[in-house]
Amino acid sequence: MPANLPPQYVKAEERLRAAKDPGERIAILEEMWSLLPKHKGTDKIQADIKRRISKLKEQAEKGGGRKKGFSISIVREGAGQIAVLGPPNAGKSSFVSILAHPVSGVAPYPFSTTVPHPAMMPWRDVRVQLVDLPPFAPGHVEHWAVDIVRGADAAVLVVDAAGVTAREDTEWILAEMDRRRITLGAAAGRGGDFKRTILVANKADLPEAGAAIPAIAGQFGRRFEVVSFSSAAANPAGVESMRTRVFDLLGVVRIYSKEPGRKPDLDQPFTVRAGSTVLDFAAHVHKDFTRSLKQARIWGSARFEGQAVSRGHILRDGDIVELSL
Ligand SMILES: Nc1nc2c(ncn2[C@@H]2O[C@H](COP(=O)(O)OP(=O)(O)OP(=O)(O)O)[C@@H](O)[C@H]2O)c(=O)[nH]1
Ligand SMILES: [Mg+2]
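What comes next concerns the included structure. If you're wondering where the values come from, they're calculated on a predicted model, not measured in any experiment. Throughout this description, residue numbers start from 1 for each chain and increase along the sequence as written. By the order in which they are written, chains take letters starting at A while ligands take numbers starting at 1. Predicted model: local features are reported for residues with pLDDT of at least 70 only, side-chain atom pairs are reported and counted for 80 or more only, and whole-chain, interface and lining totals are derived from all residues.

1. Structural notes on the overall build of the protein chain
Quick note on the threshold: Every helix listed is a DSSP run of H or I at least four residues long, and every strand listed is a run of E at least two residues long, numbered separately from the N terminus. Counting other C-beta atoms within 10 Å of a residue's C-beta gives its exposure: the residue is buried at 20 or more, exposed at 12 or fewer, and partly exposed in between, where C-beta atoms are placed from the backbone. A residue pair is marked as a contact if its C-beta atoms, positioned from the backbone, fall within 7 Å.
Broken down by element type, the protein chain carries ten helices and twelve strands. For the protein chain, the C-alpha atoms occupy an extent of roughly 80 × 50 × 35 Å along the three principal directions. Looking at the protein chain as a whole, 34% of its 325 residues qualify as buried. Once local pairs closer than 6 in sequence are excluded, the contacts in the protein chain between residues at least 24 apart make up 62%.

2. Considering helix 2 (residues 22-35)
Applied cut-off: Multiplying 1.5 Å by the helix residue count minus one yields the expected span of that helix.
End to end, helix 2 covers 20 Å across 14 residues, agreeing with the expected 20 Å (1.5 Å per residue, within 8%). Of the residues making up helix 2, those classed as buried are Ala27, Ile28, Leu29, Glu31 and Met32.

3. Brief notes about the packing of helix 1 (residues 7-18) against helix 2
For clarity, the cut-off: Angles here are taken between N-to-C directions and fall from 0 to 180 degrees, while the axes themselves are lines fitted to C-alpha atoms, restricted in helices to the stretch in contact. For classification purposes, an angle smaller than 35 degrees is called roughly parallel, one larger than 145 roughly antiparallel, one from 65 to 115 roughly perpendicular, and anything else oblique. Should the near helix be turned anticlockwise from the far one by less than a right angle, the crossing is termed left-handed; should it be turned clockwise, right-handed.
For the pair helix 1 and helix 2, interaxial distance at closest approach is 9 Å and the crossing angle is 160 degrees. By the criterion of interaxial angle, the relationship of helix 1 to helix 2 is roughly antiparallel. For the pair helix 1 and helix 2, the crossing hand works out as left-handed. Contact residues: helix 1 offers Gln8, Tyr9, Ala12, Glu13, Arg15 and Leu16, while helix 2 offers Arg25, Ile28, Leu29, Glu31, Met32 and Leu35.

4. Regarding helix 8 (residues 236-248)
Each turn of an α-helix holds 3.6 residues, which means side chains three or four residues apart point in the same direction. In plain terms, the rule: This arc describes the spread of directions from the helix axis toward the C-beta atoms.
When the terminal C-alpha atoms of helix 8 are compared, their 18 Å separation across 13 residues agrees well with the 18 Å that a helix rising 1.5 Å per residue should span. Within helix 8, the full set of buried residues consists of Met242, Val246 and Phe247. Relative to the axis of helix 8, the buried residues are bounded by an arc of 140 degrees and lie together on one face. Pointing more than 90 degrees away from the buried face of helix 8 are the exposed residues Ala237 and Thr244. Next to the buried residues of helix 8 lie strand 1 (81-85), helix 4 (92-99), strand 2 (117-123), strand 3 (126-132) and strand 4 (154-160).

5. Re the sheet that holds strand 10 (residues 295-299)
Convention followed: Only strands that DSSP links by at least two bridges are regarded as paired with each other.
One open sheet holds the five strands; their spatial order is 9-8-12-10-11, and the pairing between them is mixed. Edge positions in the open sheet fall to strand 9 (270-273) and strand 11 (307-309), since each of these has one partner strand only. For this sheet the average axis-to-axis angle between neighbouring strands, irrespective of direction, equals 40 degrees. In the packing of helix 9 (residues 278-285) onto the sheet, the strands contacted are strand 8 (252-258), strand 9, strand 10, strand 11 and strand 12 (320-324), and the crossing angle to strand 9 comes to about 130 degrees.

6. Description of the pairing of strand 12
Sheet topology places strand 8 next to strand 12; three bridges connect them, and they run parallel. Each residue of the ladder has a partner; that of Tyr256, found in strand 12, is Ile320. In this sheet, strand 12 lies alongside strand 10 in antiparallel orientation, the contact comprising five bridges. Counted as the bridge partner of Ile298 is Val321 from strand 12.

7. Some points on unusual backbone geometry
Residue Asn89 is not a glycine yet carries a positive backbone phi of 65 degrees. Locating Asn89 in the fold gives a position in the loop between strand 1 and helix 4. By C-beta crowding, Asn89 is classed as buried, having 20 other C-beta atoms within 10 Å. Phi is positive for Arg124, close to 45 degrees, though the residue is something other than glycine.

Next comes the structure, spelled out in structure tokens:
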């Protein structure tokens, strides 16, 4: 064995010994690969890592998925899906149940949530799906829960601001997600699967949270928008403003459609990516519409109501669009 392997490499190797899940093993081996100094003395190790990665990937492709244990996927509903994650006992389930219906498993002890609980959060005239996940803690990382974070449109990271380990727990979860190539934050740019995320400093009603929240904001404020909140004591206005922040994570706008000569359908907005044009919207309503679109008129973001606009006109939240074919 050549000496001088970096300590992180040795640590990763230890984790590999404990890891059973093939996906996790691949992630660790890839990490070891990136940590390994590449020179003649490590030739054998390099070859060994490459061989193990490709073997695991091969097995995974050959339907190893079935052997991988179980996976849970949640059928998307509403304007988007948001994963609610965090350390044990942070108040994730309480957060979901105060913003959405129905009530999911809240309990005064850690690890009380063991299966994902989807719940629908109403916001104005749309609904957003929140998925309450089991806690992430050292030795307790459910792979299917990681998959749900990976598949979600955005995330809310809930921490117990009154707990002494809030910052440590947050660092640990961020590192754990990074290791699985999931980047949580306010803006993309660090590689991996990016999930736009807010950091909720929960239990702000408890006295211990008073000094801790500025410290949390100081440590993570550049990476996240840190929002102090109490899932136990929020008033209706506080709940509604949290719902708005959560909806905003999706980066979508609500658009109402109107048929020529008819009243607009104000009951059921479409939700499309913010920055979408009239043409994008037409394609969203029906893929044939992109070809047959003759004219569009807009109520809302146009200079005057009912103005004819170009296909490239960028839509704003709440616009009413009339497509003429
Ligand atoms: N004071 C206070 N207590 C809270 C708040 N939010 C949650 N709690 C309490 O904290 C405990 C844990 O709440 P849960 O919502 O079950 O926490 P969780 O993060 O879902 O827990 P696990 O699923 O076990 O990881 C319960 O006793 C809640 O009543 C809060 O904002 N303030
Ligand atoms: Mg819970």
